[in-house]
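In case you want the letters, here they are:
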Amino acid sequence: MMKQSLWQFIAEQHEKLITQIMQHLGLTFLSLFLAIIVGVPLGILIARKRKLSSLVLGIAGILQTIPSIALLGFMIPAFGIGPKPAIAALLIYALLPVIRNTYTGITGVDPAVIEAAKAMGMNRRQLLLKVKLPLAMPVIIAGIRTAAVINVGVATLASFVAAGGLGEFIFGGISLNNTNMILAGAIPAALLAVLLDQTIAILQKSGYRLFQKLKFAVPVLLVILGAGYMVTNSSQHTVKAGFTPEFMGRQDGDIGLRSVYGINVNPLVVSDAIMYKAAYEKELDLISGYSTDGRIKAFDLYVLDDDKKIFPPYFAAPIIKTKTLEKFPELEKTLNMLAGKFNDSIMTDLNYRSDHLNQTPEKIAKDFLIKNNLYKSPLKGNSGTVRIGSKIFGEQYILAEMYTMLIEGYTHYKVETKTGLGGTKICFDALMNDAIDFYPEYTGTGLLVLLKPTEQTIKSVSQSADKTYQYVNSEFRKQYGIQWLQPLGFNNAYALMMRRKQAEDLHIKSISDLRKYFDGK
């Protein structure tokens, strides 16, 4: 199978790329426009009442230091998901440079010029509009220029809250180990930042007269871009769908739904951290999820039957290099102590305790090991350090803690955990580059994301969990020198789910029923 080039990917996905660019520009310009409306008057105010300057600039500075993902998270309870929390977060990030440069520009005007203007009989308003602002304009525009570049970069995170933008390709590519997808999002984002920076630089150099001429054209342009963003971000279906970036680009995901079931639900792209609650709160009606996720139970969601079997088996097992097992001879036996100790129900209950009851992974892991007579106090040995990695969701944190306790209790090895490494690509690259020694992986992910065999091979080996396991274990040994240890016993496959009551009201039990529902609309 020929490897797809970047240009082939862009040609194939050009419509989606154009849509994402429009969404990205819409987010950037709407938030920048609001930042100017709020920030410039605030800068003028604190330049006039300088006692307030430390307070206002201090608050804006503190808001600027909040990590962007956390800031988006804070916005969700107030604004829900979609463009509103993204625009609010981007507005906050853009405020500091706009306020600070407005303040600096006005206070930096030569006092002799101000005195001369007063001597000519100018009042306070005339002094501001005809002297201070024209002279401060290059500094103010420099602040707007900085804010614009910041917002182009931060706007890539908007995809986590279903606001669209180029982050859909970037984070989807990271999850899918697809470099072309990452570059298709990252290169346009970088070009947009450079283009916007240079365009504003021209305005900055042209002076106040050009700004006066464009003061009506710019708001109209921003409104047009904002309207375009709203159009590209709207859904055509009464059932509003939200899928993760990874699900959007997988054969056992949105691609499979389109090709096998013939369903195109025009989904929003959203982080799995918020999509379950968004479904519960009726902001989304249909979501992609994981079959053992505890939030299914917590939010009373109904998993649709995959009657055409597009989701292969996803049995969990630790993957580790053969040379690592030789380096730590007691490790394989210790890790295999969890083999067969789980089923789907057990893992769902453990995830429920983490996702909904907010119990710590350490407590959940220890309780499980004690219940299964596997827990031992740490031996506190010093025979080498085993580094455990994990992806960035609760189930992986729980498994990493279980392995930590087993290794420390049954061997003389020390343990170092590197949890929350992100998606499949980051974890697997860390394993290949010896940054970690092992992490829990899923057979379906190994098959479709890491090995990427032909469609015929996929159909052949995904008929049963055992065939899938045997195939990925054999191919990983040949291609990477990596072994799959014994499976844990639960199948955390992808799934489509809806609110239970809504599914009952619409008489939807399977994905084929969902297709019939859309065909009937």
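Residues numbered from 1 in each chain as written. Predicted model: local features only at pLDDT ≥ 70, side-chain atom pairs only at ≥ 80, totals over all residues. Heavy atoms only, no water.

1. Brief notes about the overall build of the protein
Which entries qualify depends on this criterion: Only DSSP runs of H or I reaching four residues or more are called helices, and only runs of E reaching two or more are called strands; each is numbered from the N terminus. Working definition: with a 1.4 Å probe on protein chains only, accessible area under 20% of the residue-type maximum means buried, over 50% means exposed, and in between means partly exposed. Whether two residues are in contact is decided by their heavy atoms, any of which lying within 4.5 Å being enough. Just so you know, the count uses Lys and Arg for positive and Asp and Glu for negative, and it drops His and the chain ends. Every charge is mapped onto a representative atom, which is NZ of Lys, CZ of Arg, CG of Asp or CD of Glu.
Each helix and strand in the protein was counted, giving 26 helices and 10 strands. If one aligns the C-alpha atoms of the protein with their principal axes, the spans along those axes are about 90 × 65 × 45 Å. Classification of the 521 residues of the protein by burial places 53% in the buried group. Taking contacts inside the protein between residues at least 6 apart in sequence as the whole, the part at least 24 apart equals 79%. Of the side-chain charges in the protein, 55 are positive and 41 negative, and the distance between the mean point of each set is 11 Å.

2. Thoughts on the packing of aromatic side chains
Each aromatic ring pair is specified by the distance between its two centres and by the angle formed by the two planes. Where we set the bar: What counts as a ring pair is set by centres within 6.5 Å for rings of Phe, Tyr and Trp (its six-membered ring), and what kind of pair is set by the plane angle: stacked under 30 degrees, edge-to-face over 60, tilted for all other angles. Geometrically, a charge over a ring is one whose NZ (Lys) or CZ (Arg) sits within 6 Å of the ring centre while staying within 35 degrees of the ring normal.
The final tally for this structure, using the stated rule, is 19 aromatic pairs. Judged by centre distance (6.3 Å) and plane angle (45°), the ring pair of F247 and F311 falls under tilted. Remark: F311 occurs in the loop between β4 (301-303) and β5 (316-321) and F247 occurs in helix α12 (residues 245-248); sequence separation between them is 64 residues. Owing to a relative accessible area of 12%, F311 belongs among the buried residues under this scheme. Each residue in the set F243, F247, Y290, F311, Y314, F393, Y442 and Y494 is aromatic and connected to the rest through ring pairs, giving one cluster. Directly above the ring of Y352 sits K297, whose terminal nitrogen or CZ lies 4.4 Å from the centroid.

3. Observations regarding the environment of R48
One can find R48 in helix α2 (residues 14-48). Under the relative-accessibility criterion, R48 is labelled partly exposed at 43%. Linking R48 and I106, residues 58 residues apart in sequence, is a C-alpha distance of 9.1 Å. Not counting chain neighbours up to four residues away, the residues in contact with R48 comprise R124 and L128.

4. Re the packing of helix α18 (residues 344-355) against helix α19 (residues 361-371)
Keep this limit in mind: Each axis is a line fitted through C-alpha atoms, taken for helices only over the stretch in contact, and angles between the N-to-C directions span 0 to 180 degrees. Each crossing gets its handedness from the near helix: less than a right angle anticlockwise from the far helix is left-handed, clockwise is right-handed. Under this grouping Gly is polar, as are all residues other than the nonpolar Ala, Val, Leu, Ile, Met, Phe, Trp, Tyr, Cys and Pro and the charged Asp, Glu, Lys and Arg.
With their axes 9 Å apart at the nearest point, α18 and α19 run at an angle of 145° to one another. Between α18 and α19 the crossing geometry is right-handed. Two secondary-structure elements touch here, α18 through I346, L350, R353 and S354 and α19 through K363, I364, D367 and F368. Here the residues of the contact of α18 with α19 sort into four nonpolar, one polar and three charged.

5. Description of the packing of helix α7 (residues 124-154) against helix α9 (residues 179-206)
Selection rule: Roughly parallel covers angles under 35 degrees, roughly antiparallel covers those over 145, roughly perpendicular covers 65 to 115, and oblique covers all other angles.
Contact geometry of α7 with α9 gives a least axis separation of 9 Å together with a crossing angle of 170°. Comparing their axes, α9 and α7 come out roughly antiparallel. Residue-level inspection shows P138, I141, A142, I144, R145, A148, V149 and V152 of α7 in contact with α9, the latter providing A189, L192, A193, L196, D197, Q198, I200, A201, L203 and Q204.

6. Concerning the sheet that holds strand β2 (residues 268-269)
For clarity, the cut-off: Strands are treated as partners if at least two bridges between them are detected by DSSP.
Spatially, β2-β1-β3-β10-β4 is the arrangement adopted by the five strands of the open sheet, whose pairing is mixed. In the strand order of this sheet, the two ends are held by β2 and β4, each with one partner. When strand β1 (residues 241-243) meets strand β3 (residues 286-290), the two strands line up parallel, connected through two bridges. When the sheet's bridge partners are listed, A241 is paired in β3 with L286.

7. Description of the nonpolar core
Worth spelling out the cut-off: Side-chain atoms within 4.5 Å are what join buried Ala, Val, Leu, Ile, Met, Phe, Trp, Tyr and Cys residues into a set we call a nonpolar core.
In terms of nonpolar packing, the biggest core is built from 156 residues, with L286, L338 and F342 touching the most fellow members. Element by element, the count of residues in this core is highest for helix α5 (residues 83-107), at 15 residues. When neighbours within four sequence positions are excluded, L286 is seen to be in contact with V239, K240, A241, G242, F243, V265, L304, L496, M497, M498 and L514. Counting residues in hydrophobic clusters, the runner-up holds five residues, among them V109, A117, L127 and V131.

8. Description of the pairing of β5
Looking along a regular strand, one sees side chains alternate from face to face of the sheet. For β5, the buried fraction is high: six of the six residues fall into the buried class. In the sheet, β5 pairs with strand β8 (residues 438-442) via five bridges, with the strands oriented antiparallel. When the bridges of β8 are listed, A316 appears paired with Y442. Both β5 and strand β9 (residues 482-484) contribute to a ladder of three bridges, which runs antiparallel. The partner of I319 across the bridge, within β9, is W484.

9. Concerning the pairing of β3
β3 sits mainly inside the fold: five of its five residues count as buried. What you see with β3 is no split at all: L286, S288 and Y290 on one side and I287 and G289 on the other are buried throughout.

10. Let's talk about the side chain of T292
Tracing the backbone shows T292 in the loop between β3 and α15 (294-298). Taking relative accessible area as the criterion, T292 reaches 0% and is therefore assigned buried. What T292 contacts, discounting residues up to four positions off in sequence, is D344, M347, T348, N351, E395, F490, N491 and N492.

11. Here's the deal with the side chain of N336
Assignment of secondary structure puts N336 in the loop between α17 (331-335) and α18. Among the residues examined, N336 registers a relative accessible area of 15% and is labelled buried. The residues touching N336, leaving out its near neighbours within four places in the chain, are L485 and Q486.

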